[in-house]
Amino acid sequence: MIPYGKQNINQSDIDAVTDVLNSAWLTQGDKVPAFESAIAKYCHVNFAVATNSATSSLHIACLALGLSTGDRVWTSPISFVASSNCALYCGARIDFVDINQDTANICINALKNKLIAAKKLKELPTILIVVHMAGLSCQMKEIAKLAKEYNFSIIEDASHAIGAKYQQKPVGNCQYSDITVFSFHPVKIITTAEGGVCVTNSTVLNEKLTLYRSHGIRKSKEIMANQGDWYYEQELLGFNYRMTDIQAALGLSQLKRLDEFVSKRQELASKYLEGLANLPLRPQLQSTESHSSYHLFIIRLTKGSPITRKELFEQLRALNIGVNVHYIPIYQQPYYQQFGFAEKDFPNAQQYYEECISLPMYPDLSHKDFDYIISNIINLLSEKPNER
Ligand SMILES: *Cc1c(COP(=O)(O)O)cnc(C)c1O
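Computed from a prediction, not measured in an experiment: that's the story for all the values here.

Student: Just checking my understanding: could you explain the nonpolar core for this structure?
Tutor: One recurring pattern in soluble globular proteins: nonpolar side chains tend to sit buried together. Counting 46 residues, the largest nonpolar core has I39, I143, F182 and F184 as its most contacted members. Those elements that provide at least two residues to this core are helix 2 (31-43), strand 1 (47-51), helix 5 (108-120), strand 4 (127-131), helix 6 (140-150), strand 9 (196-200), helix 9 (245-255) and helix 10 (258-275). Sort the elements by how many residues they give to this core and helix 6 lands first, with 6 residues. Among the nonpolar cores identified, the runner-up in size contains 45 residues, and I78, A92, L205 and Y352 belong to it.

Student: What exactly am I supposed to notice about the layout of surface pockets here?
Tutor: The method is simple in principle: a probe with the dimensions of a water molecule rolls over the atoms, and the space it marks as empty is what remains. The computed volume of the largest pocket comes to approximately 590 Å³. In terms of lining residues, the largest pocket is bounded by 19 residues, among which T210, R213, S214, I217 and K219 are the most central. Secondary structure elements with two or more residues in the lining of the largest pocket: helix 2, helix 7 (203-213) and strand 10 (217-218). Here the element with the most residues in the lining of the largest pocket is helix 7; it accounts for 5 residues. For the lining of the largest pocket, the per-class residue count stands at 7 nonpolar, 6 polar and 6 charged.

Student: Please clarify how empty space enclosed by the protein should be interpreted in this entry.
Tutor: Under the criterion given, the structure shown has 3 cavities of 30 Å³ or more. There is about 100 Å³ of room inside the largest cavity. Surrounding the largest cavity, 13 residues form its lining, Y166, P170, N173, Q175 and Y176 being those nearest its centre.

The rules behind these values
- Residues numbered from 1 in each chain as written.
- Predicted model: local features only at pLDDT ≥ 70, side-chain atom pairs only at ≥ 80, totals over all residues.
- Heavy atoms only, no water.
- Core = buried A, V, L, I, M, F, W, Y, C linked by side-chain atoms within 4.5 Å.
- Buried < 20%, exposed > 50% of the residue type's maximum accessible area, 1.4 Å probe, protein only.
- Helix = DSSP H or I, 4+ residues; strand = E, 2+ residues; numbered from the N terminus.
- 1 Å grid on protein atoms, 1.4 Å probe; cavity = no way out; pocket = protein on both sides within 12 Å on 5 of 7 lines; lining within 4 Å.
- Points joined across faces, edges and corners; volume = space filled by probe spheres on them.
- Nonpolar A, V, L, I, M, F, W, Y, C, P; charged D, E, K, R; others polar.

Structure follows, in structure tokens:
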């Protein structure tokens, strides 16, 4: 089966990991801080706090922003469940803002209207978590303007979007957000096996993220000087969400090839767009403002398609083409039934879910596999008049 996504591991990655295994520090050594500095530098941001997953990063991002019981968090319904679960971990209430039909990112107009209505009801969100779907940045400038007007914080769930650009600057520079989160799961753009990171420009948030990541414990030179070298203080209820040095070494090695990975993904996307032109489908709408990192390549079947999405999915899988669906709207999950969301409140997300399919997208996808994918899709989606 040709997978929909796949990591790229070379000898330098293996050597970097082996070096750590042969060293004194498997965790809490110097590789995690080195990885954090390299990420911060790449993203043009002041601070990076690495964790054992993007899910953990989203959790501590919410906590660092002071999210607590009864607060409200809004996010996109078309995302992985981790984007909204982080609010529930903190006892907050979750709600969704419908997506834009063309980009599958949060819809600015839907957000505006929902904010106006929520203000009247005194039910404004504390945090908005935006998701850069498939690596395409949301319209952050417009969203930040609304954040100022309605007084909410912004977390960018950029799990798909390391290496992407918005207004010519790297996603993660936090010009328009409080915290940005990246994922390093193997299907994402660079990997540490499991892993994630929070980046921020705020000294205060950086300090809180660092505390929440490791038990809420502070071990500073000053407090040790007063008490003794063994001494540390637990200031708040944190977790063990630390990344290991083995993972960070892999991440550092992968980061060197990030730009190369992204340009290969972008090349592949152009080839898909060319190869699939004139078929009853539409790709995610790109813009001059956002340069996607193409974590995913998603197409949507349009009305003229001779087969349904389910049929296309099943037939491509039968041909050993590992297509996927990103995502089932989060409010449809059985666990979310208790919150009483209505499908009719998210018409764009509903329609998107009926039509979307993710095609294989990773730097090492061979020409042969690519041609095989394209010719089969053309075959399946071309009108077959003599069969009608
Ligand atoms: C992958 C992903 C996550 C979770 O990342 P982990 O590192 O696996 O915890 C969160 N949000 C989105 C949008 C993702 O794609």
